Amino acid sequence: MGYYCLRCKRYVEINVSGYQGVRCPYCGYRALRKGRPEVVVKTVKAE
Ligand SMILES: [Zn+2]
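The structure reproduced in this document is the subject of the present report. Computed from a predicted model, the values in this text were never measured in an experiment.

### Describing the overall build of the protein chain
Phase 1 of the analysis: When you go through the protein chain residue by residue, the secondary structure sums to 0 helices and 3 strands.
Phase 2 of the analysis: Secondary structure elements of the protein chain occur, N-terminal to C-terminal, as β-β-β.
Phase 3 of the analysis: Going through the 47 residues of the protein chain one by one, you find that 9% of them count as buried.
Phase 4 of the analysis: Pairs at least 24 residues apart make up 37% of the contacts formed inside the protein chain by residues separated by at least 6 positions.

### Re unusual backbone geometry
Phase 1 of the analysis: Here lysine 9, not a glycine, exhibits a phi torsion of approximately 60 degrees, which is positive.
Phase 2 of the analysis: Looking at where lysine 9 falls in the secondary structure, it is placed in the loop between β1 (3-5) and β2 (11-12).

### Observations regarding the environment of cysteine 24
Phase 1 of the analysis: Among the structural elements, cysteine 24 can be located in the loop between β2 and β3 (32-34).
Phase 2 of the analysis: Beyond its immediate chain neighbours, meaning those up to four positions away, cysteine 24 contacts Cys5, Arg7, Cys8, Arg10, Val12, Tyr29 and Leu32.

### Side note on the sheet that holds β3
Phase 1 of the analysis: A sheet is described by the order of its strands in space; here 3 strands give the open sequence β2-β1-β3, paired in antiparallel fashion. This sheet does not close on itself; its edge strands, each paired only once, are β2 and β3.
Phase 2 of the analysis: In this sheet, β2 lies alongside β1 in antiparallel orientation, the contact comprising 2 bridges. Its bridge partner being in β2, tyrosine 4 is matched across the sheet by tyrosine 11.

What counts, and where the lines are drawn
- Residues numbered from 1 in each chain as written.
- Predicted model: local features only at pLDDT ≥ 70, side-chain atom pairs only at ≥ 80, totals over all residues.
- Helix = DSSP H or I, 4+ residues; strand = E, 2+ residues; numbered from the N terminus.
- Buried ≥ 20, exposed ≤ 12 C-beta atoms within 10 Å, placed from the backbone.
- Contact = placed C-beta atoms within 7 Å.
- Pairing = 2+ DSSP bridges.

So, in structure tokens, the structure goes:
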């Protein structure tokens, strides 16, 4: 499982031994979140 940047929402695959020091390689933002980017995929059944 990787991380995604909270700023540019890019998926970042890094091996993290410690959460501190994790940084987005694209924009340099330091807030990465575990998991996948929150894509708005809401399946709404309108039936
Ligand atoms: Zn970023």
